[in-house]
Amino acid sequence: MPYDPDNIFAKILRGDIPCDKVYEDDHVLSFRDLHPQAPTHILVIPKGAYTDMDDFTANAAPEEMAAFFKAVGHVAREEGVAETGYRIISNCGVNSGQEVPHLHIHILGGRKLGRMVAAA
Ligand code: AMP
């Protein structure tokens, strides 16, 4: 799937729409999810134009990948969920139900999260 430069996270990266920013560096932006599913629900996105984890792991430079995953750990520690435990989710492609076609990792925590995958 080609990258859609008008997706909502691309607009956030361009500053066209606001976000509740948690963390930023040269390669990564992190902000709170608009519709939190847990007391802590934060998104981490690369600044590069990658549609999903498949695109990113195939095409991103090593420094982009390192920065992305280091940011996930950093944010989880800073937000206090590393101590109590958290879950990361990245929906990729049609079967996952991915809604926004710009790679993002959800960090969820602050309560017991239940089963990893709902029964079909
Ligand atoms: P996914 O289904 O994995 O693509 O998740 C997309 C996530 O983006 C959902 O959890 C939405 O609540 C969240 N979301 C959509 N628009 C915004 C926005 N403008 N700011 C923050 N989070 C958003």
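Structural data are supplied above this passage.
All values reported here derive from a predicted model rather than from experimental measurement. (Residues numbered from 1 in each chain as written. Predicted model: local features only at pLDDT ≥ 70, side-chain atom pairs only at ≥ 80, totals over all residues. Heavy atoms only, no water.)

Asker: Which residues make up the site of the ligand, and what values do they have?
Answerer: Taken together, 16 residues are adjacent to the ligand, and Asp33, Asn91, Glu99, His104 and His106 come closest. Histidine 104 is positioned such that a nitrogen or oxygen atom in its side chain is 2.9 Å from an oxygen atom of the ligand. For the ligand, the protein covers 87% of the area, taking 510 Å² as the surface of the free molecule. For the shell around the ligand, the element with the most residues is helix 1 (residues 8–14), which contributes 3 residues. Class assignment of the residues belonging to the shell around the ligand gives a composition of 7 nonpolar, 6 polar and 3 charged. (Near = heavy atom within 4 Å. Polar contact = N/O pair within 3.5 Å; in protein donor to acceptor, adjacent residues only side chain to side chain. Areas by Shrake-Rupley, 256 points an atom, 1.4 Å probe, with all protein chains shown as cover. Helix = DSSP H or I, 4+ residues; strand = E, 2+ residues; numbered from the N terminus. Nonpolar A, V, L, I, M, F, W, Y, C, P; charged D, E, K, R; others polar.)

Asker: Requested: an account of the pattern of salt bridges, with residues and values cited.
Answerer: Using the criterion set out here, one finds 6 salt bridges in the structure. Salt-bridge contacts for glutamate 24 lead to lysine 21; the nearest nitrogen and oxygen are separated by 2.6 Å. Note on glutamate 24: relative accessible area 38%, which makes it partly exposed. Among the residues examined, lysine 21 registers a relative accessible area of 47% and is labelled partly exposed. (Salt bridge = Lys/Arg side-chain N within 4 Å of Asp/Glu carboxyl O. Buried < 20%, exposed > 50% of the residue type's maximum accessible area, 1.4 Å probe, protein only.)

Asker: Tell me about the environment of alanine 119, residues and numbers included.
Answerer: One can find alanine 119 in the segment after strand 5 (105–109). The exposed category is assigned to alanine 119, whose relative accessible area is 70%. Considered as a pair, alanine 119 and aspartate 16 are 103 residues apart in the sequence and their alpha carbons are 38 Å apart.

Asker: Help me get a handle on the environment of isoleucine 12, residues and values and all.
Answerer: Here isoleucine 12 is to be found in helix 1. Judged by its relative accessible area of 11%, isoleucine 12 is buried. Along the backbone, isoleucine 12 and phenylalanine 69 are 57 residues apart, and their C-alpha atoms lie at a distance of 20 Å.

Asker: Got a sec to walk through helix 3 (residues 62–78)? Specific residues and values, please.
Answerer: Quick reminder: α-helices carry 3.6 residues per turn. Residues three or four places apart thus point the same way. Between its first and last C-alpha, helix 3 extends 24 Å over 17 residues, near the 24 Å set by a 1.5 Å rise per residue. Of all the positions in helix 3, only Glu64, Ala67, Phe68, Ala71, Val72, Gly73, Val75 and Ala76 are classed as buried. Where helix 3 ends, the next residue or the one after it, glycine 80, has phi of about 85°, a positive value. (Expected span 1.5 Å × (residues − 1).)

Asker: Residue-level account of the pairing of strand 2 (residues 28–32), with values.
Answerer: When you tally the buried positions in strand 2, you get 4 out of 5 residues, the bulk of the element. When strand 1 (residues 21–24) meets strand 2, the two strands line up antiparallel, connected through 3 bridges. Bridge assignment links glutamate 24 to a residue of strand 2, and that residue is leucine 29. Remark: 3 residues form the turn of the hairpin made by strand 1 and strand 2, two consecutive strands paired antiparallel. Bridge analysis of strand 2 against strand 3 (residues 40–46) gives 5 bridges, and the strand direction is antiparallel. Paired with serine 30 across the bridge in strand 3 is valine 44. (Pairing = 2+ DSSP bridges.)

Asker: Describe the sheet that holds strand 5, with residues and values.
Answerer: Spatially, 5 strands are ordered 1-2-3-5-4 in an open sheet, and the strand pairing comes out antiparallel. The outermost strands of the open sheet, each flanked by one partner alone, are strand 1 and strand 4 (86–89). Looking at each pair of strands side by side, their axes are set apart by 20° on average, direction ignored. One ladder, built from 4 bridges, connects strand 4 with strand 5; its direction is antiparallel. Bridging across to strand 5, tyrosine 86 finds its partner in glycine 109. (Axes fitted to C-alpha atoms, helices over the stretch in contact; angles between N-to-C directions.)

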